[in-house]
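Breakdown of the fold
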Protein chains: 2
Amino acid sequence: MKGLVIPAVKAEVEVQELATPIPEQNEVLVKLKAASLNRRDYWITQGLYPKIVTPVVLGSDGAGTIESIGNDNETRWKTSDEVVIYPATNWGVQESAQSDDFEVLGMPQNGTFAEYVTVAIDQLFPKPTYLSWAETASIPVAGITAYRAAMVQGKLQSGQTVLITGIGGGVAVFALQLALAMKATVYVTSSKESKIEQAKALGAKGGYLYTRPEWGKECLKEAGPIDVIIDGAGGKGYGDLVSLLKPGGHLVNYGSTAGKPEKLDLFKIFWRQLHLVGSTLGSPADFGNLLKFMTDHQLRPIVDLIHPLDKGPEAIAAMRDAEQFGKVTLEI
Amino acid sequence: MKGLVIPAVKAEVEVQELATPIPEQNEVLVKLKAASLNRRDYWITQGLYPKIVTPVVLGSDGAGTIESIGNDNETRWKTSDEVVIYPATNWGVQESAQSDDFEVLGMPQNGTFAEYVTVAIDQLFPKPTYLSWAETASIPVAGITAYRAAMVQGKLQSGQTVLITGIGGGVAVFALQLALAMKATVYVTSSKESKIEQAKALGAKGGYLYTRPEWGKECLKEAGPIDVIIDGAGGKGYGDLVSLLKPGGHLVNYGSTAGKPEKLDLFKIFWRQLHLVGSTLGSPADFGNLLKFMTDHQLRPIVDLIHPLDKGPEAIAAMRDAEQFGKVTLEI
């Protein structure tokens, strides 16, 4: 089979001819129809991820059909069933956090940027029938991260006011769609006016260039205090987000691309009874709830680009440039 | 009546002869039997509190008997009923946080360091019959702050591991008692070995001098990762507390006597799905739940000192020195 491989740390990714894997007991072989990219894939190519093992087939997000099943006693699934893959293993028994053995698909285990992948049977979920393959493959990491951040950790309630920072990234765009489906009033930030306009076209009420120092004041004036903030950046701006929260509000963070926050105003945090919560990916239960929520609301992931597998290196480059609005996918 | 008054900002507190207040519609006049002090009272004498109004009778915590009722239609209460006072007004309709109109008793409204105080009828709760007046008057601010921090914001579950920083203060000692009643394994910190020993005598499993740089490592080794941390200090140590939390754990903060936290490790916060939560005082519902919890577990507040009202200035000085273990009270 063909697979997009990173041969060594910081080496260029390349499409290689590989042996098609054979599913072991309690595994299935999935023939992939589509995959999608995440910033994680780019970080790994740059050596910026803990415990990198090479060579490895990259890719956490995939959807396809069941090619073969390693467990003869399996009755829930049969070959040619259409599935989307829960993008990790070993979440563990607690809903509150993943176990120490948690592993995201696509390093160290071979991932979805290939013609075939073996995954645990428990990672299979039925493909939503109303979505294309590229749309379905866009769901796993970005969708579950947005769902857990907004709904589980952020406790988003119908009709609340939501702020989503860095709109355009896969998680942020999913969070926008989920919040709008919850009938929230949604505001966004970006460094690009064009992305704010795209968010408004999807239903955001307003947006702010976070590069303007006065954006927070403008946001407070226009939006009023915010119930739930979904942030993937952290850094110096994190402390400013605290000031935008309504008493009792939630600031949920799922990434720290802008580094460590500084000088938090703890007085505001305790006097306003604020919740600063961390979130990463989500449990299998979260994934099931996400798929049900999306189907109930007929949500379609925003696919920005579709590349063939052979153009994998270009797709990775798109992750580096972060110019996209929504998901970058691979058709296989 | 006699009352402990702060005549002007930063002036010395003094016992003055004052007119006994008259309850208006929906108010009652309470003849106080005991009151207790909080750090807030000391901060106000130092001008370190927002919007100080003088002259004012200090004091948020009080218990006594109903002397007269301003509302002729009141049927729940009658004169000479024994009561403990919910220490604030205008919490508002949301349990998640107090309203903007929230006011703590004892500034700007005259407080409990006096022979009489008028309060809203809704602030009255029945005195727990098994407690002395000094014990009862020790409950309101410290008890409700500890209850909300541990149970509501910290979501403390039976059998969890708890760390309480700065043991000795009223809130911290209450939190220790509540956590022990929840069958938690409790560890404490202090700058004084003697306070750690007092906490152990009450049931704490262990304690650490937070003045030793290696205390966090020792705590992790002995206690393992912590489910719920209750902190009233903030400052540089706040970031270290984050490292002690179990994945999915809660760090609840109710004060920032040590200043602003610096350089938070956001990666740990999102990867471990941590909850950093602020908490201050509590709602009337929290107060009712606290009193029920205390009665169910027959908890007795730890009273460190009992002064007569005339010795109010000395009692305030005790708040400044923070040498106490438990509550400093006034017998009236």
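Criteria and cut-off values
- Residues numbered from 1 in each chain as written.
- Chains lettered and ligands numbered in written order.
- Predicted model: local features only at pLDDT ≥ 70, side-chain atom pairs only at ≥ 80, totals over all residues.
- Heavy atoms only, no water.
- Pairing = 2+ DSSP bridges.
- Helix = DSSP H or I, 4+ residues; strand = E, 2+ residues; numbered from the N terminus.
- Least-squares fit on C-alpha atoms with pLDDT ≥ 70 in both.
- Contact = heavy atoms within 4.5 Å.
- Axes fitted to C-alpha atoms, helices over the stretch in contact; angles between N-to-C directions.
- Buried < 20%, exposed > 50% of the residue type's maximum accessible area, 1.4 Å probe, protein only.
- Buried area = accessible area lost by both parts, 1.4 Å probe.
- Salt bridge = Lys/Arg side-chain N within 4 Å of Asp/Glu carboxyl O.
- Polar contact = N/O pair within 3.5 Å; in protein donor to acceptor, adjacent residues only side chain to side chain.

**Considerations on the pairing of strand E5 (residues 61-69) of chain A**
- In this sheet, E5(A) lies alongside strand E3 (residues 27-36) of chain A in antiparallel orientation, the contact comprising eight bridges. In the strand pairing of E5(A), A:Val28 is matched with A:Ile69.

**A word on the relation of the copies chain B and chain A**
- Laying chain B over chain A is done by rotating through 180° and shifting 0.0 Å along the axis; what remains is an RMSD of 0.0 Å. The transformation relating the two chain copies, once decomposed into turn and shift, fits a two-fold axis.
- Looking at chain B, 100% of its interface residues are interface residues in chain A too, so the copies touch through the same face.

**Regarding the sheet that holds strand E13 (residues 206-209) of chain B**
- Strand order in this open sheet of 12 strands is E13(A)-E12(A)-E11(A)-E14(A)-E15(A)-E16(A)-E16(B)-E15(B)-E14(B)-E11(B)-E12(B)-E13(B), and the pairing throughout is mixed. In this open sheet, the two edge strands, each paired with only one partner strand, are strand E13 (206-209) of chain A together with E13 of chain B. Each adjacent strand pair in this sheet contributes to an overall mean axis angle of 15°, direction not counted.
- Against the sheet, helix H3 (residues 140-153) of chain A makes contact with strand E14 (226-231), strand E15 (245-253) and strand E16 (275-278) of chain A together with strand E16 (275-278) of chain B, and its axis sits at roughly 155° relative to E15(A), the strand it touches most.
- Its contacts with the sheet place helix H5 (residues 193-202) of chain B against strand E12 (185-190) and E13 of chain B, and it is angled at close to 170° to E13(B).

**Some remarks on the environment of A:Ala318**
Residues and elements named next belong to chain A.
- By secondary structure assignment, the location of Ala318 is in helix H10 (residues 312-321).
- Look at Ala318 and you get buried, because its relative accessible area is 16%.
- Counting along the chain gives 181 residues from Ala318 to Ala137, while the straight-line C-alpha distance between them is 17 Å.
- Those residues in contact with Ala318 that sit more than four places away from it in its chain are Leu305, Glu323, Gln324 and Val328.

**Quick look at the interface of chain B and chain A**
- The partner chain A presents 37 residues to the 37 residues of chain B that form the contact.
- Of the roughly 3100 Å² buried between chain B and chain A, counting both surfaces, carbon and sulfur atoms make up 59%.
- Sorting the residues of chain B by area buried against chain A places B:Leu266, B:Phe270 and B:Gln273 first, and these three jointly supply 22% of that buried surface.
- In this structure, the connection of chain B to chain A is made through two salt bridges.
- The closest approach of N and O atoms between B:Glu262 and A:Lys263, which form a salt bridge, is 3.2 Å.
- Here chain B and chain A share 19 residue pairs in polar contact (both at pLDDT 80 or more) between them.
- For the side of chain B that touches chain A, the element with the most residues is helix H8 (residues 266-271) of chain B, which contributes five residues.

**As for the sheet that holds strand E4 (residues 56-57) of chain B**
Residue and element names in this part refer to chain B.
- An order of E2-E1-E4 is seen for the three strands of this open sheet, with the pairing classed as antiparallel. Each edge of the sheet is formed by a strand with only one pairing partner; in this case those strands are strand E2 (14-17) and E4.
- Where strand E1 (residues 2-6) meets E2, four bridges bridge the pair, whose relative direction is antiparallel. In the sheet register, Gly3 faces E2, and the bridge partner there is Gln16.

**Focus on the pattern of salt bridges**
Residues and elements named next belong to chain A.
- In total, this model carries 32 salt bridges over all chains according to the counting rule given.
- In this structure, the salt-bridge partner of Asp122 is Arg76, at a minimum N-O distance of 3.8 Å. Of the two residues, Asp122 is situated in the loop between strand E9 (116-120) and strand E10 (124-126) and Arg76 in the loop between E5 and strand E6 (82-85); the sequence distance between them amounts to 46 residues.
- The partner of Glu135 in a salt bridge is Arg300, with the nearest N and O atoms 3.0 Å apart. Pair noted here: Glu135 is in helix H2 (residues 133-137) and Arg300 is in the loop between helix H9 (284-296) and strand E17 (303-308), with a separation of 165 residues, a long-range link.

Limitation: the analysis is restricted to geometry and does not speak to function.
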